[in-house]
Amino acid sequence: MIFKTLDYFARNVMDPMYEVFEVLDDRNHPLHNDLMLDIENIIEDDLSMFVKSQQIDGLLGRQEDKNLGRRIYYIIFNLQHEITNARILKLLNFNDSPEPYNSNNLSTIKIDKNSLAATNQFDLKKCGFQYNNLIYELCPTNGGSNSSYWLYQAIFKSIIDSGVNFKIRLDPFREIESENYQPMTYRMIVHGKPLNWEKLVGLRNEDFGQWFNERDYSITDYVWAPADDEIHFTCEEYSIYSQKEMTTSRYFHAIFNKKTGGIKHCDGAIRVYNDFEILLRKNFHVRQAEVRKVGKRIKIFQFDSQDNLNREILREDFTQLVVSFFVWNNDVQNYFSKNI
């Protein structure tokens, strides 16, 4: 099913979970009629399968018009999914000026080969990056529209603490006038305690592990790999099931400088796998070279000390970047909340 309202909700600062109800309740809204058509055009068999699989009736309570309620949640759920897929397809477009960089407003912004823009080209706001009178957001890392909210805060803190510059991937859908920019704020605290760096410095062999999340059927691999005066940290979270012939993962890599005690490199990415690639990926651990041969990588942020006059990220800020990048991953949160 193709939603007439998809583009509107994709570009709105509010998640469909909230904005759909706003449009539905406002008969004068320019998208109200299109939303009603989307609701009316839902295929009954698809709706029945959705209601049963997601146990939607439990969310409706005593709502009088349960049929309408079921259709609204069907729209919300599928809009979220289709927006995520549409965003991934745009991120895979590595032409000279992918969205949102093809905007007239960003015509003078410089981007690298990974479509990353340096943060010092923008004014940093509460949740976004302002250029002239328009605000842009850090690209989400998974299906949650707010999945990069805490990562943005961690990047902002690192910039303030160390005076460094990051490269970031802007959300291809978000370009909002500053006077209309009213993002949601969230109270959840994402915090990681300091690692036992003395133990890490003494590593002679790889230290690695893996977690399986039975709730969402995801696997998370990590490895600390010593190499001369460096220690490389790599971690990836991926689902074992494909979603409509496409699976995405969250992939994080950093390099710890033993000599200085700082982080000389750090980057986070989305990796995209087709059905064959995700089956192949499950045969290997992230520490193995075969992992790097499958999937397509979309970088979300990157830091390099060589681009920052050799300034490095503080170790505490590195920890905050990791747990924020893997927000909602309880295994990563628990791991970084205890000394290793």
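Residues numbered from 1 in each chain as written. Predicted model: local features only at pLDDT ≥ 70, side-chain atom pairs only at ≥ 80, totals over all residues. Heavy atoms only, no water.

Examined against the element boundaries, His-253 turns out to sit in strand β10 (residues 247-257). Overall, His-253 belongs to the buried group, its relative accessible area being 16%. Engagement of the side chain of His-253 in a polar contact is seen with the side chain of His-232, the distance being 3.2 Å. Sequence-distant contacts of His-253, defined by excluding residues within four places in its chain, comprise His-232, Phe-233, Thr-234, His-265, Cys-266 and Asp-267. (Helix = DSSP H or I, 4+ residues; strand = E, 2+ residues; numbered from the N terminus. Buried < 20%, exposed > 50% of the residue type's maximum accessible area, 1.4 Å probe, protein only. Polar contact = N/O pair within 3.5 Å; in protein donor to acceptor, adjacent residues only side chain to side chain. Contact = heavy atoms within 4.5 Å.)

As a further point, take the pairing of strand β8 (residues 218-227). Among the ten residues in β8, eight count as buried, and that is most of the element. Counting the residues in the hairpin turn of strand β7 (residues 207-213) and β8 gives four residues, including Tyr-217, whose phi is positive at 55 degrees. Inspection of the sheet shows β8 paired to strand β9 (residues 230-239) by ten bridges, in the antiparallel sense. From the neighbouring strand, Tyr-222 faces β9, where its bridge partner is Cys-235. Connecting the antiparallel pair β8 and β9 is a turn made up of two residues, with Asp-228 showing a positive phi of about 55 degrees. (Pairing = 2+ DSSP bridges.)

Pairing in this open sheet of eight strands is antiparallel, and the strands run β1-β5-β12-β11-β10-β9-β8-β7 from one edge to the other. For this open sheet the edge positions go to β1 (117-118) and β7, each flanked by a neighbour on one side alone. As paired strands, β7 and β8 are joined by seven bridges and run antiparallel to one another. Paired with Asp-207 across the two strands is Trp-224, which belongs to β8. Lying over the sheet, helix α10 (residues 315-325) contacts β8, β9, β10, β11 (263-273) and β12 (296-304), oriented at roughly 175 degrees with respect to β10. (Axes fitted to C-alpha atoms, helices over the stretch in contact; angles between N-to-C directions.)

Let's shift gears to the state of the cysteines. Throughout the structure, instances matching the rule amount to zero disulfides. Note on Cys-127: no disulfide assigned, nearest cysteine sulfur contributed by Cys-139 at a separation of 16 Å. Relative accessible area serves as the criterion here: at 8%, Cys-127 is assigned to the buried category. (Disulfide = S-S within 2.5 Å.)

Another aspect to go through is the packing of aromatic side chains. Overall, the coordinates contain 31 aromatic pairs when judged by the stated rule. An angle of 50 degrees between the planes, with centres 5.3 Å apart, marks the rings of Phe-50 and Phe-77 as tilted. Of this pair, Phe-50 sits in helix α4 (residues 44-54) while Phe-77 sits in helix α6 (residues 66-91); the two residues are 27 residues apart in sequence, bridging distant segments of the chain. Judged by relative accessible area, Phe-50 falls into the buried class, the value being 7%. You can call Phe-77 partly exposed: its relative accessible area is 37%. Aromatic pair Phe-301 and Phe-325: ring centres 6.1 Å apart, planes at 65 degrees, arrangement edge-to-face. Remark: Phe-325 occurs in helix α10 and Phe-301 occurs in strand β12; sequence separation between them is 24 residues. (Phe/Tyr/Trp six-rings, centres within 6.5 Å; stacked < 30°, edge-to-face > 60°.)

The end-to-end C-alpha distance of helix α7 (residues 149-162) is 20 Å, a good match for the 20 Å that 14 residues give at a rise of 1.5 Å each. Listed in full, the buried residues belonging to α7 are Tyr-149, Trp-150, Leu-151, Tyr-152, Ala-154, Ile-155, Ser-158, Ile-159 and Ser-162. If you follow the buried residues of α7, they end up packed against β2 (123-124), β3 (129-131), β5 (167-168), β12 and α10. Two residues or fewer after α7 comes Gly-163, characterised by a positive phi angle close to 65 degrees. (Expected span 1.5 Å × (residues − 1).)

Our focus in this paragraph is the sheet that holds strand β6 (residues 176-177). The antiparallel open sheet is built from four strands, whose spatial order is β2-β3-β4-β6. The open sheet is flanked by β2 and β6, the only strands paired with a single partner. Here strand β4 (residues 134-136) pairs with β6 via two bridges, running antiparallel. Bridged to Leu-134 within β6 is Glu-177.

As a further point, take the pattern of salt bridges. Within this structure, the stated rule accounts for 18 salt bridges. As a salt-bridge pair, Glu-44 and Arg-71 come within 2.3 Å of each other at their nearest N and O atoms. In this pair, Glu-44 is assigned in helix α4 and Arg-71 in helix α6, connecting sequence segments 27 residues apart. Classification of Glu-44 as partly exposed rests on a relative accessible area of 45%. You can call Arg-71 buried: its relative accessible area is 8%. Here the residues in one salt-bridge network are Asp-7, Arg-11, Lys-90 and Glu-99, joined through shared partners. (Salt bridge = Lys/Arg side-chain N within 4 Å of Asp/Glu carboxyl O.)

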